[in-house]
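Each chain, letter by letter, is given below.
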Amino acid sequence: MKVIQNPTQYFFEQSNNPSDEYLDKINVFIGKLTNQKQCLLCKQDYNIKDRLPRILIHCGHTICTQCLGNFYRNRRVRCPLCLKLVKHLDSIERLPINHTIFTKMAEEINKKSRLHGGTDIIDPQQYLFTQFQQSAVQAQKIRQQQQNQYPQIDPDSGLEFCEFHNDRVKHFFCMKHKVTCCRVCSDMIHQKKDCIVVDLYEIEDVPAFLNEAYKLNQENNCQNQNIEFLQDDDNNFNDYDLDGELTQNESLKSL
C-alpha cells in the first residue's frame, strides 16, 4: 500500500480532470492553501493582464505582478510577507506564473465567453508559453540597457554595482591599487601578496575612508612623479654636457 507523505503534493499532482466525486474536496483543500482569486496584498482580483499571479521562488508566496513591481529594485525583489530575497532577477515578468490559479482563472473566462456566445478561448499552456517568450525578450533588452547605464548605485549601501558582474556590489577596496571591486573581482584580481583588501561593509564611515585613501594615493603619485623628475634630470644631457663631451673628444683626437 502506497503511503502519501505529502497531501498537498498529492492533490496538486492529480489529473487536470479529476472525477466530480473529488473535485469539490480538492477545490476546498487548495482554497485553504492559497487565495485563488485575490492578491494577498492589494486584495484585487487576479487577471491576465497586469495582475497575473506570480510565485516568489524562494518562499512560494503568490502575489500579483503589479504589487511585486513596487518591491523590485536592482534586479532583486523581497517578499513582502516573509522578507525572503530573490536575486539575479532581470524583471518581475521572469518570475513563474502560478499555473494552478491561472488555469482556473482561464477556465472561468472561457466559461463566461461561451455563455455569451463568444468564440475566443484562452489556451492556458499556449498563453503561459507566450508570456515566457515575451519576458525573455524583455529581459534581454533590460540587460542591454543596464550595461549602458553603469555605474548603478546600491540604495542600501550607497556603493556601486560591478560593471562586470551586474548583480554584485563593489564593497571591497584594494589598498594597493586604490580601487573598489566586488567579491568575484577581488578573488580573481586582488589576491596577490601585496594586495590588502578591506571589506567596506565593516567600515563605519565609508565615504570618509575612501576620501582619505584616494587623498593618500594622490599624494603618493605626486611624490613618485617628483622622484622620477629628479632621476630624469640626472640622466638627461644638457648643453654643458654636450660641450664637455666634444672637448673631451677633441683632446682624445690630438693624442
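Residues numbered from 1 in each chain as written. Predicted model: local features only at pLDDT ≥ 70, side-chain atom pairs only at ≥ 80, totals over all residues. Heavy atoms only, no water.

As named in an unreviewed UniProt entry, the protein chain is RING-type domain-containing protein, taken from Paramecium primaurelia.

### What about the nonpolar core?
Heads up, the condition is: Put simply, buried Ala, Val, Leu, Ile, Met, Phe, Trp, Tyr and Cys residues joined by side-chain atoms within 4.5 Å make one nonpolar core. Any residue under 20% of the maximum accessible area for its type is buried, any over 50% is exposed, and the rest in between are partly exposed; the area is computed with a 1.4 Å probe on protein chains only. Numbering of helices and strands runs from the N terminus, with a helix taken as a DSSP run of H or I at least four residues long and a strand as a DSSP run of E at least two residues long. In what follows, a contact means two residues having at least one pair of non-hydrogen atoms within 4.5 Å.
Formed by 20 residues in total, the largest nonpolar core has its most connected members in Leu56, Leu68, Val77, Ile92 and Leu95. At the level of elements, β2 (62-64), α3 (65-69) and α4 (99-115) are the ones that each hand at least two residues to this core. At three residues, α4 tops the list of elements feeding residues into this core. Apart from residues lying up to four places away in sequence, Leu95 is in contact with Arg54, Ile55, Leu56, Leu68, Val77, Val86 and Leu89. Of all hydrophobic cores here, the second largest spans eight residues; its members include Leu159, Phe161, Val169 and Leu210.

### Observations regarding a positive patch on the surface
Heads up, the condition is: Patches were defined on residues exceeding 30% relative accessible area and lacking a salt bridge, with like-charge contacts within 9 Å and nonpolar side-chain contacts (Val, Leu, Ile, Met, Phe, Trp, Tyr) within 5 Å. Shrake-Rupley sampling with a 1.4 Å probe provides the accessible areas, and residues are treated as covered by the protein chains on show and by no other component. Here, a salt bridge means any Lys or Arg side-chain nitrogen found within 4 Å of an Asp or Glu carboxyl oxygen. This count recognises Lys and Arg as positive and Asp and Glu as negative, with His and chain-terminal groups excluded. The atoms used to mark charge sites are NZ of Lys, CZ of Arg, CG of Asp and CD of Glu.
A cluster of basic residues, Arg78, Lys87, Arg168 and Arg183, forms a positive patch on the protein surface. Structurally, Arg78 is set in strand β4 (residues 76-78). Assessed through its relative accessible area of 39%, Arg78 is described here as partly exposed.

### Describing the confidence of the model for the protein chain
For clarity, the cut-off: For every residue, the predictor assigns a confidence score, pLDDT, that lies between 0 and 100.
Residues of the protein chain with pLDDT of at least 70 account for 69%, and the chain-wide mean is 76. This stretch, residues 1-5, has a pLDDT under 50; its non-local contacts, to residues over four places away or in other chains, come to one contact. In this model residues 233-237 is a low-confidence stretch, pLDDT under 50, and it forms one contact with partners more than four residues away in sequence or in other chains.

### Here we look at the packing of aromatic side chains
Aromatic ring pairs are defined here through the distance separating the ring centres and the angle between the ring planes. Going by this rule: Stacked, edge-to-face and tilted labels apply to pairs of Phe, Tyr and Trp rings (six-membered ring for Trp) whose centres lie within 6.5 Å, assigned for plane angles under 30 degrees, over 60, and everything in between, in that order.
Evaluation of the coordinates by the stated rule reveals two aromatic pairs. Ring centres of Phe102 and Tyr127 lie 5.1 Å apart, and the angle between their planes is 25°; on these two criteria the pair is classed as stacked. In this pair, Phe102 sits in helix α4 while Tyr127 sits in helix α5 (residues 124-147), placing the two residues 25 residues apart along the sequence. Judged by relative accessible area, Tyr127 falls into the partly exposed class, the value being 22%. Seen in terms of ring centroids, Phe173 and Phe209 are 5.7 Å apart; in terms of plane orientation they differ by 80°. Their pairing is edge-to-face. Taken as a pair, Phe173 in strand β6 (residues 172-174) and Phe209 in helix α7 (residues 206-235) lie far apart in primary sequence, 36 residues in all. A relative accessible area of 22% means that Phe209 is categorised as partly exposed.

### A few points about the sheet that holds strand β3 (residues 72-73)
Rule in force here: In this analysis, strands are considered paired if DSSP registers two or more bridges between them.
Strand order in the open sheet made by the three strands is β3-β4-β5, with antiparallel pairing throughout. In this open sheet, the two edge strands, each paired with only one partner strand, are β3 and β5 (85-86). Relative to β5, β4 runs antiparallel, the two sharing two bridges. In the sheet register, Arg78 faces β5, and the bridge partner there is Leu85.

### Quick notes on α4
Filter applied, for reference: In this analysis, the expected span of each helix is defined as 1.5 Å times one less than the number of residues it contains. This arc describes the spread of directions from the helix axis toward the C-beta atoms. Polar contact is defined as a pair of N or O atoms within 3.5 Å, subject to the rule that within protein one atom must be able to donate a hydrogen and the other to accept it, and that residues adjacent in sequence are counted only when both atoms are side-chain atoms.
In this model α4 runs 24 Å from its N-terminal to its C-terminal C-alpha over 17 residues, within 8% of the 24 Å that 1.5 Å per residue would give. Buried residues of α4: Ile101, Phe102, Met105, Ala106, Asn110 and Ser113, and no others. An end-on view of α4 places all buried positions within 165° of arc, on one side of the element. Turned more than 90 degrees from where α4 packs its buried face, Lys111, Arg114 and Leu115 sit exposed. Sitting at the amino-terminal end of α4 is Asn98, which places a side-chain oxygen 3.1 Å from the backbone nitrogen of Thr100. Two residues or fewer past α4, Gly117 is found with a positive phi of approximately 80°.

### What to know about the pattern of salt bridges
Inspection of every chain in the model, using the stated rule, returns three salt bridges. Of the charged contacts, one joins Arg75 and Asp90 as a salt bridge, the two residues approaching to 3.0 Å between their closest N and O atoms. Pair noted here: Arg75 is in the loop between β3 and β4 and Asp90 is in the loop between β5 and α4, with a separation of 15 residues, a long-range link. Here Arg75 and Asp90 have matching classes, each one buried.

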